[in-house]
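Summary of the model geometry
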Amino acid sequence: MDFNVKKLASDAGVFFTRAVQFTEERLGQAEKTELDPHLENLITRADGTKNWTEKILRQTEVLLQPNPIDHTGARIEEFIYDKLDKKLPSKVTNAEVLGQYMLEAASEFGPGTPYGSTLITVGEYQKRLGGAERELLHTSATTFLTPLRNFLEGDWRTISKEKRLLENRRLDLDICKARLKKAKLAEAKAALLSEEVDKAEHELRVAQTEFDRQAEVTRLLLEGISSTHLNHLRCLHDFAEAQATYYAQCHHYMQDLQRELNRCANAVGTSLPSSAVCPNPVSSAFMSGPSSPGTTVSSSSSQRPTTLAMEQTQLPVTGTRKAKVLYDYDAHDASELSLLADELITVYTIPGMDPDWLIGERGNEKGKVPVTYLELLS
């Protein structure tokens, strides 16, 4: 017990002495040992790395988890699972929840109705979008966020500890320098014996040795920041690649969804039975990968029988004019013509034809096109 009390008193004395030295240096009343310029640059670089890593980490978390409440809860949950040494379960995304609600609503309203069929189509694609988002969150957490946190919670804590120790060694060295200076002044005035000067010189040599050793340890740690930058660079590439994959998937899914909805709208416009209003949302484009609109046009036109073209050319033409395509349109059968948004085609009607449709021509290709997808030009 006595030993602990003495140690506590000694530590308090050292702390007070360092505080006095630090204050006097701030006020310009005491000399301060300057660090090596290379070491100073390393410290500045390390501090900047720590500060920017914190900002990038925090803002990436906000980007991936915009809701602050959910973000806080997710961090607490992650901390608990980490302490239990268990894998964090994959969470359902908001888009997946929305998709599930749409599917349940379609079941109640009737999957054969126009509204129910469309709910099924949109709901399935919402779930796919949510799955892509969940994969982005998982990949970003593993390849980007975790390495940044490991640096802040591991390497940086060690660096900070050694930096504080170096600062204490510097203060102790300056305290010893001040004592030796005072001892020599007192000796010159015959106020102290020479052994006091010898004691102060010995303390200074010890303090200098400890300071030099700590400066070397700190320098070695700080030079490792270059390796940290290289590691974070690789992680940044992984994060950007995960984002690119996610947005490409979203673009592909939305293109497929737009085509499905266009088919639904076209089916309603041609008064098809309710069972055929909306086709199965699992499109062949999704199963086999993305395909360019141009490929769709060529494949549809290549399957069109030549007898249909011959029959149409023999019908009387009324009011031939140009039209601009407003939206992409995929032909449902060989009698229709696939369209690409913003292209110009020639259109006309024939006697007895449904007013919601026109005959469209693009070069040697010909077929029915919906009026609602066109802007007729004068």
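Since this is a predicted model, take the numbers as computed values, not measurements. (Residues numbered from 1 in each chain as written. Predicted model: local features only at pLDDT ≥ 70, side-chain atom pairs only at ≥ 80, totals over all residues. Heavy atoms only, no water.)

Attention now moves to the overall build of the protein chain. A tally of regular secondary structure across the protein chain gives ten helices and five strands. Each of the 378 residues in the protein chain was classed as buried or not, and the buried ones make up 34%. Nonlocal contacts in the protein chain, meaning residues at least 24 apart in sequence, comprise 69% of its contacts between residues at least 6 apart. Accessible area of the protein chain: about 23,200 Å², with a carbon and sulfur share of 57%. (Helix = DSSP H or I, 4+ residues; strand = E, 2+ residues; numbered from the N terminus. Buried < 20%, exposed > 50% of the residue type's maximum accessible area, 1.4 Å probe, protein only. Contact = heavy atoms within 4.5 Å. Areas by Shrake-Rupley, 256 points an atom, 1.4 Å probe, with all protein chains shown as cover.)

Another aspect to go through is the packing of aromatic side chains. The full count for this structure, using the stated rule, is six aromatic pairs. We note Lys55 situated over the ring of Trp52; from NZ or CZ to the ring centre the distance is 4.5 Å. Geometry around Tyr125 places Arg128 over its ring, the cationic atom sitting 4.8 Å from the centre. (Phe/Tyr/Trp six-rings, centres within 6.5 Å; stacked < 30°, edge-to-face > 60°. Lys NZ or Arg CZ within 6 Å of the ring centre and 35° of its normal.)

Okay, the pattern of salt bridges next. The final tally for this structure, using the stated rule, is 16 salt bridges. Among the salt bridges present, the one from Arg259 reaches Asp256, with a minimum N-O distance of 2.4 Å. Of this pair, Arg259 and Asp256 both sit in helix α7 (residues 225-269), three residues apart, which is roughly one turn of that helix. Taken together, the salt bridges that share partners define one network made up of Glu167, Arg170 and Asp174. (Salt bridge = Lys/Arg side-chain N within 4 Å of Asp/Glu carboxyl O.)

Of note in the backbone geometry, Asp342 takes a positive phi value of approximately 80° without being a glycine. Examined against the element boundaries, Asp342 turns out to sit in the loop between β1 (318-325) and β2 (344-349). We classify Asp342 as exposed; its relative accessible area is 56%.

Right, let's talk about the packing of helix α2 (residues 37-64) against helix α6 (residues 194-223) for a bit. Taken N-terminus to C-terminus, the directions of α2 and α6 make an angle of 45°; their axes are 10 Å apart at the nearest point. Judged by the inter-axis angle, α2 sits oblique to α6. Crossing geometry of α2 relative to α6 is assigned as left-handed. Facing α2, whose interface residues are His38, Leu39, Leu42, Ile43 and Ala46, α6 presents Ala215, Arg219, Leu222 and Glu223. Considering only residue class, the contact of α2 with α6 consists of six nonpolar, one polar and two charged. (Axes fitted to C-alpha atoms, helices over the stretch in contact; angles between N-to-C directions. Parallel < 35°, antiparallel > 145°, perpendicular 65-115°, else oblique. Left-handed = near helix turned anticlockwise from the far one by under 90°. Nonpolar A, V, L, I, M, F, W, Y, C, P; charged D, E, K, R; others polar.)

Moving on, we come to the confidence of the model for the protein chain. Mean pLDDT for the protein chain: 79, with 74% of residues reaching 70 or above. Looking across the protein chain, the model is least confident in helix α8 (residues 284-288), with a mean pLDDT of 35, and most confident in α2, with 94. Segment residues 270-317: pLDDT under 50, and 72 contacts once partners within four positions in sequence are set aside and those in other chains are kept. (pLDDT = per-residue confidence, 0-100.)

Our focus in this paragraph is the environment of Lys163. Of note, Lys163 is situated in helix α5 (residues 114-188). Of the residues examined, Lys163 reaches a relative accessible area of 21% and is grouped as partly exposed. Along the chain, Lys163 and Ile43 lie 120 residues apart, while their C-alpha atoms are 8.5 Å from each other. Leaving out residues up to four positions away in the same chain, Lys163 has contacts with Ile43, Asp47, Trp156 and Thr218.

Let us now look at the pairing of strand β3 (residues 357-362). Each regular strand shows side chains that alternate between the opposite faces of the sheet. Among the six residues that make up β3, five are buried, leaving the element largely enclosed by the rest of the structure. For β2 and β3, the ladder comprises three bridges, and the chain directions are antiparallel. From the neighbouring strand, Tyr348 faces β3, where its bridge partner is Ile359. In terms of strand pairing, β3 meets strand β4 (residues 365-370) through six bridges, oriented antiparallel. Across the sheet, the residue bridging to Glu361 is Lys366, located in β4. Here β3 hands over to β4 after two residues, with Gly363 in that stretch at a positive phi of 65°. (Pairing = 2+ DSSP bridges.)

Now for the nonpolar core. When a protein is soluble and globular, its nonpolar side chains tend to lie buried together. Core analysis: the biggest nonpolar cluster contains 42 residues, and Leu35, Leu39, Phe144, Leu166 and Leu222 have the highest contact counts within it. Counting residues per element, the ones that place at least two in this core are α2, α4 (94-109), α5, α6 and α7. It is α5 that contributes the most residues to this core, 18 residues altogether. Not counting the four nearest positions on each side in its chain, Leu222 is found in contact with Leu39, Leu42, Ile43, Ala46 and Ile159. In this structure, Leu337, Ile350, Trp357 and Val369 belong to the second largest nonpolar core, which totals 16 residues. (Core = buried A, V, L, I, M, F, W, Y, C linked by side-chain atoms within 4.5 Å.)

Here α2 contains 28 residues, and its C-alpha end-to-end distance of 40 Å stays within 8% of the 40 Å for a straight helix at 1.5 Å per residue. For α2, the set of buried residues is Leu39, Leu42, Ile43, Ala46, Thr49, Thr53, Leu57, Thr60, Glu61 and Leu64. (Expected span 1.5 Å × (residues − 1).)

With that settled, the discussion passes to a nonpolar patch on the surface. There is a patch of nonpolar side chains on the surface, built from Val92, Val97 and Tyr101 and spanning about 300 Å² of accessible area. If you trace the backbone, Tyr101 turns up in helix α4. On the accessibility criterion, Tyr101 (54% relative accessible area) is exposed. (Patch = residues over 30% accessible without salt bridge, like charges linked within 9 Å, V, L, I, M, F, W, Y side chains within 5 Å.)

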